[in-house]
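Working through the structure, step by step
Residues per chain are reported as follows:
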Amino acid sequence: MPNKARANLENLYRIFTVPEAPDSTLGAIDQAISDDVTGFLQTHIVAIERNLEEIEANFSSSAIPEEPTYVSEYTEFVKEHLVAQSVHTAAPGFVGHMTSALPYFMLPLARLMTALNQNLVKVETSKAFTPMERQVLAMLHHLVYRREDAFYPPWIHNSQAALGAFCSGGTIANVTALWVARNRLFAPEGAFRGIAREGLGRALKHHGIDGVAVLVSERGHYSFGKAADLLGIGQDQLIKVRTDANNRIDLKLLRQECRRLQDKNIRPLALVGIAGTTETGNVDPLEALADFALEIGCHFHVDAAWGGPTLFSDRYRHLLNGIERADSVTIDAHKQLYVPMGAGMVVFKDPTALSAIEHHAAYILRHGSKDLGSHTLEGSRPGMAMLVHAGLSIIGRKGYELLIDMGIERARTFADMIRQHPDFELTSVPELNILTYRYCPQAIQQTLAGATPELTARINALLDQVCQLLQKHQREAGKTFVSRTRLRTTRYGEGITVLRVVLANPLTTDEILTSVLAEECQIVQQPEIQALLQQVAEMGTAPGLTTG
Ligand SMILES: *Cc1c(COP(=O)(O)O)cnc(C)c1O
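Presented here is an overview of the structure given in this document. (Residues numbered from 1 in each chain as written. Predicted model: local features only at pLDDT ≥ 70, side-chain atom pairs only at ≥ 80, totals over all residues. Heavy atoms only, no water.)

The next point concerns helix H2 (residues 25–44). Over its 20 residues, H2 runs only 14 Å from end to end, short of the ideal 28 Å by more than 12%, given 1.5 Å per residue. At Asp36, H2 is deflected by roughly 120 degrees, the largest bend along its length. What H2 keeps buried is the set Thr25, Gly27, Ile29, Ile33, Gly39 and Phe40. Looking at the buried residues of H2, the elements they touch are helix H4 (71–83) and helix H5 (106–116). (Helix = DSSP H or I, 4+ residues; strand = E, 2+ residues; numbered from the N terminus. Expected span 1.5 Å × (residues − 1). Bend = angle between axes of the 7 residues up to and from the residue. Buried < 20%, exposed > 50% of the residue type's maximum accessible area, 1.4 Å probe, protein only. Contact = heavy atoms within 4.5 Å.)

Turning our attention to the site of the ligand. Residues in close proximity to the ligand total 15 residues, the closest being Thr171, Asp303, Asp332, His334 and Lys335. A distance of 2.7 Å is found between an oxygen atom of the ligand and a side-chain nitrogen or oxygen belonging to Asp332. Considering every element that reaches the shell around the ligand, the biggest residue donor is helix H8 (residues 170–185), with three residues. (Near = heavy atom within 4 Å. Polar contact = N/O pair within 3.5 Å; in protein donor to acceptor, adjacent residues only side chain to side chain.)

With eight of its nine residues buried, strand S4 (residues 266–274) lies for the most part within the structure. Pairing geometry for strand S2 (residues 211–217) and S4, over five bridges, is parallel. Across the sheet, residue Gly211 finds its bridge partner in S4, namely Ile266. Direction of pairing for S4 relative to strand S5 (residues 299–303): parallel, over a ladder of five bridges. By the bridge assignment for S5, Val272 is matched with His301. Handedness of the crossover is the feature at issue here: the chain leaves S4, passes through helix H12 (residues 286–296), returns alongside S5, and the resulting connection is right-handed. (Pairing = 2+ DSSP bridges. Right-handed = clockwise from strand over helix to strand, strands pointing away.)

A separate point is the environment of Gly234. Inspection of the secondary structure puts Gly234 in the loop between helix H10 (223–230) and strand S3 (238–241). Overall, the relative accessible area of 24% leaves Gly234 in the partly exposed class. The spatial distance from the C-alpha of Gly234 to the C-alpha of Ile156 is 35 Å, given a sequence separation of 78 residues.

This brings us to the pattern of salt bridges. Going through the model one piece at a time under the given rule, you end up with 25 salt bridges. Taken together, the shared-partner salt bridges connect Asp314, Arg317, Arg397 and Glu401 into one network. (Salt bridge = Lys/Arg side-chain N within 4 Å of Asp/Glu carboxyl O.)

Attention now goes to the side chain of Asn282. As for its position among the elements, Asn282 is in the loop between S4 and H12. A distance of 2.8 Å separates polar atoms of two side chains, one belonging to Asn282 and the other to Thr280. Not counting chain neighbours up to four residues away, the residues in contact with Asn282 comprise Asn246, Asn247, Ile274, Ala275, Gly276, Thr277, Val429 and Glu431.

Next up on the list: the sheet that holds S2. In space, the seven strands of this open sheet follow the order S1-S7-S6-S5-S4-S2-S3, with mixed pairing throughout. Sheet topology places strand S1 (164–167) and S3 at the edges, where each strand pairs with a single neighbour. Taking each pair of neighbouring strands and ignoring which way they run, the sheet shows an average axis angle of 20 degrees. On top of the sheet, H8 reaches S1, S2, S4, S5, strand S6 (328–332) and strand S7 (344–348); it is set at about 25 degrees to S7, its chief contact. (Axes fitted to C-alpha atoms, helices over the stretch in contact; angles between N-to-C directions.)

A complete count under the given rule lists nine aromatic pairs for this structure. Residues Phe94 and Phe481 carry aromatic rings whose centres are separated by 4.8 Å and whose planes lie at 15 degrees to one another, so their mutual orientation is stacked. With Phe94 in the loop between H4 and H5 and Phe481 in the loop between helix H16 (453–477) and strand S10 (483–488), this residue pair connects regions lying 387 residues apart in the sequence. Residue classification places Phe94 among the buried positions, given a relative accessible area of 11%. You can call Phe481 buried: its relative accessible area is 10%. Summarising the aromatic geometry, the rings of Tyr104 and Phe105 are spaced 6.0 Å apart at their centres and angled 80 degrees between planes, so their arrangement reads as edge-to-face. Judged by relative accessible area, which is 66%, Tyr104 ranks as exposed. Linked through ring pairs, Phe414, Phe424, Tyr437 and Tyr439 together constitute an aromatic cluster. (Phe/Tyr/Trp six-rings, centres within 6.5 Å; stacked < 30°, edge-to-face > 60°.)

Another point: the sheet that holds strand S9 (residues 434–439). Within the open sheet, the four strands sit side by side as S8-S9-S11-S10. Their pairing is antiparallel. Since the sheet does not close on itself, it has two edges, and those belong to strand S8 (424–428) and S10, each with one partner. The mean inter-strand angle of the sheet, taken between neighbouring strand axes irrespective of direction, is 45 degrees. In the sheet, S9 pairs with strand S11 (residues 495–502) via four bridges, with the strands oriented antiparallel. Bridging from a neighbouring strand, Ile434 pairs with Val502 of S11. Relative to the sheet, H16 contacts S9, S10 and S11, its axis offset from that of S11 by approximately 30 degrees.

Shown next as structure tokens:
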């Protein structure tokens, strides 16, 4: 609290009314991020990683502070223990995750959004923001489904319909899509009043089936597991179909799985195609999946949380051909729309689809109201749609196209660097802007080429450890960052540990990518890693397996 850190009414009024002085700690931070947010992050985030236990020590008390404190005192704490220990996700060398730099205008607009503090659950707390969010959903719907302009006027602001649902991210978007699919499959029919009223048990009984299943490739996002759990489908009925050498769902195996389900009297509820898998950025054959969904008569959902914005690109849009046949499509705004964390969307081909999950309340969300909350899983929500609206308006289709094209082309460049480097193995060829690779010196690659399955497994187990240590050391050094995952590859059969790179930050240069590999070559010189590589060398028959 300003002035005196004492709980009295005067101070209470002041924290609601008096702005922070520009020379105060918070005022100075406010000014600094307004002046130069990039510089601020660079100076105030400490590069070298402290261990998590050390950081946890600053957050270990469960006691709520009894006495008020000064804002400046608290801000010092924020600077030292939160800002300094944050992850510099905007750094151009941070290429390991889907979170990257933001356009500068997002910050002041986000502050404005907070100042306005609209609640998008209902019109009574979000006039102007509700129509704006509906427009954003229509724009994304248009991006996906390419309906003629005349399609939209009857639907865009229609209280009975919703072209989609805005939410906090891809997880909720995917849950919403499957929720709609489930309620439409078990819609009211005769004496049966629908699953929303009677529950899953009675719904299955009514249809004379023993369960429902969701089919997705093994590269499917973990949010489908949550959805299967939450919607009563059961995680065992989330069928993860194996992928081919390009990380795309294997259509033959998909058919087999469906026959297996049929034998067990389980009905496919939804077929999910992925447009940009989280781990490798590959796109399922969406046309073929649309055909198959039609054939088996189930909901076709496309998870384009990552890859959706590829539709902005004239050159690469075709990679997602078939997406316009999906019943529902997830797109994350906090990924490739470059909006801050906490914005995702799901759009539906049929503008009446969302009525399957419509809910009402007596004091808001009344029948016939335009309250968005009647068609969303979440209740109170911030005006994040404004930031999507800003991105779409300011960056525009052509701006996003440039960002998308650049990322895809940079991924190809990086893949070439890896291919040409004797000590690295490209483990997934980039289709969009994500790729995976691992450290695997040429001599080991040669050994692997002629190795028995047993030797291969033993070598890979050691290389997995190399990969894990390499990624850990690189992260701790804080110069550049790549992530790591485990993938079953068709080449090795079993899962291997790989490094994962996501190229969405336009400030990431080829030089930075060169330095990522150079740093990795340095890190593997450490004795701990050399010892592992030595073990591999002793296993193989080829001489001179170590490179260090
Ligand atoms: C990121 C992602 C999700 C989940 O989105 P969140 O915003 O993290 O909830 C779902 N599917 C795919 C393919 C993703 O890349």
